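What follows is each chain in one-letter form.
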Amino acid sequence: MLGDMPRPRTFDEDRAIDAAMRVFWTAGYEATSTQDLCEATGLGRSSIYNTFSSKRDLFDRALRRYVDRFTAPQLEVIEDAALPIRERVRQILWTAVEPDPDDPTGCFVINTIVELGPKDAEIIDLLDRDHETKLTALADAIRAAQAGGEVDPEQDATGLATYVFTVLGGLRVAARRGADRASQQAVVEATLRSF
């Protein structure tokens, strides 16, 4: 019977998640209204709730999309043994100096940690696991560079990797407050002197 057939979706769910990601990235979870999501995605309220069940479900999917979008390229750079470690670190940090001009300013992950971290263990667990994956990969790459004579073997590889990601986060926060390119570049150059 026709009445029992599910209605086909008339929108691109991935595009809706991407649009929602940008809204949450810019405004945060609490400040984003359902109306904001409707305007960004082009969907009506009922379509949003029929597809994503809740604002929180859509937020979770948008955050995962962001993490997937940025983690894979970072890991690709980190694991590119053809590049000197200093160049790999420069490329990672440079994403904050020259972000994609179509992206909102700052970092969706950092914004989320600041807003929801103290009260949302599930979000923090997701972000901690993602961070640990990148941190471990970079520390391993630094150890390999130490073995190859590129980096002082007396340096703490995990400490250096943590330093790089801390600087990256700081650069993204500085970008959100309007830091200029010259100051961002100076921070990258100062960081690279550790390698």
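Everything quoted here is computed from the prediction, not taken from an experiment. (Residues numbered from 1 in each chain as written. Predicted model: local features only at pLDDT ≥ 70, side-chain atom pairs only at ≥ 80, totals over all residues. Heavy atoms only, no water.)

J.: Could you give me a rundown of the overall build of the chain, with the residues and numbers involved?
T.: Helix and strand counts for the chain come out as nine helices and zero strands. Moving toward the C terminus, one meets the helices and strands of the chain in the order α-α-α-α-α-α-α-α-α. Dimensions of the chain, computed from C-alpha atoms along their principal axes, come out at roughly 70 × 40 × 30 Å. When burial is assessed residue by residue, the chain has 42% of its 195 residues classed as buried. Taking the contacts inside the chain whose residues are at least 6 apart along the sequence as the reference set, 71% of them involve residues at least 24 apart. Of the roughly 10,700 Å² of accessible surface on the chain, a fraction of 52% belongs to carbon and sulfur atoms. With 23 positive and 33 negative side-chain charges, the chain shows a separation of 4 Å between the mean positions of the two kinds. (Helix = DSSP H or I, 4+ residues; strand = E, 2+ residues; numbered from the N terminus. Buried < 20%, exposed > 50% of the residue type's maximum accessible area, 1.4 Å probe, protein only. Contact = heavy atoms within 4.5 Å. Areas by Shrake-Rupley, 256 points an atom, 1.4 Å probe, with all protein chains shown as cover. Lys, Arg positive; Asp, Glu negative; His and termini not counted. Charge placed at Lys NZ, Arg CZ, Asp CG, Glu CD.)

J.: Mind laying out helix H5 (residues 85–97), listing which residues take part and the relevant values?
T.: Between its first and last C-alpha, H5 extends 19 Å over 13 residues, near the 18 Å set by a 1.5 Å rise per residue. By the burial criterion, the buried members of H5 are Ile85, Arg88, Val89, Ile92, Leu93, Trp94, Ala96 and Val97. Among the structural elements, helix H4 (55–78), helix H7 (121–147), helix H8 (157–176) and helix H9 (181–192) are those in contact with the buried residues of H5. (Expected span 1.5 Å × (residues − 1).)

J.: Just give me the short version of the UniProt feature "DNA-binding region" (unreviewed entry) in the chain, but keep the residues and values in it.
T.: Under the UniProt annotation, "DNA-binding region" (unreviewed entry) lies at residues 33–52. Helix makes up 80% of residues 33–52 and strand 0%, whereas the separation of the span's terminal C-alpha atoms amounts to 15 Å. (UniProt positions renumbered as here; feature names shortened; annotations may be inferred.)

J.: I'd like to hear about the packing of aromatic side chains, residue by residue, with values.
T.: Tallied over the full model, the rule gives eight aromatic pairs. Ring geometry for phenylalanine 59 versus phenylalanine 108: centroids 5.7 Å apart, planes at 85°, classification edge-to-face. Separated by 49 residues along the polypeptide, phenylalanine 59 in helix H4 and phenylalanine 108 in helix H6 (residues 108–116) bring together distant segments of the chain. Pair check on accessibility: phenylalanine 59 and phenylalanine 108 agree, each one buried. (Phe/Tyr/Trp six-rings, centres within 6.5 Å; stacked < 30°, edge-to-face > 60°.)

J.: An account of the pattern of salt bridges is requested, with residue identities and associated values reported.
T.: Side chains bearing opposite charge may pair, as long as their charged atoms lie close to each other. In this structure the tally under the stated criterion is twelve salt bridges. With its nearest N and O atoms 2.5 Å apart, the salt bridge here joins aspartate 120 to arginine 56. Of this pair, aspartate 120 sits in the loop between H6 and H7 while arginine 56 is found in helix H4, placing the two residues 64 residues apart along the sequence. In this structure, aspartate 140 and arginine 143 form a salt bridge, with 3.0 Å as the shortest nitrogen-oxygen distance. Highlighted residues: aspartate 140 and arginine 143, both in helix H7, separated by three residues, approximately one helical turn. When its relative accessible area of 41% is taken as the criterion, aspartate 140 is described as partly exposed. Taking the relative accessible area as the measure of exposure, arginine 143 reaches 39% and is therefore partly exposed. (Salt bridge = Lys/Arg side-chain N within 4 Å of Asp/Glu carboxyl O.)

J.: Now, about the side chain of aspartate 103: what can you tell me, with residues and values included?
T.: Here aspartate 103 lies in the loop between H5 and H6. Excluding its chain neighbours within four sequence positions, the residues that come into contact with aspartate 103 are Arg22, Trp25, Arg69 and Phe70.

J.: Lay out the side chain of threonine 71 with the relevant residues and their values.
T.: Looking at where threonine 71 falls in the secondary structure, it is placed in helix H4. Accessibility expressed as a relative area gives 9% for threonine 71, which makes it buried. Within the local environment of threonine 71, its side chain forms a polar contact with the side chain of aspartate 130, the two groups lying 2.5 Å apart. The contact partners of threonine 71, leaving out residues within four places of it in the chain, are Asp130 and Lys134. (Polar contact = N/O pair within 3.5 Å; in protein donor to acceptor, adjacent residues only side chain to side chain.)

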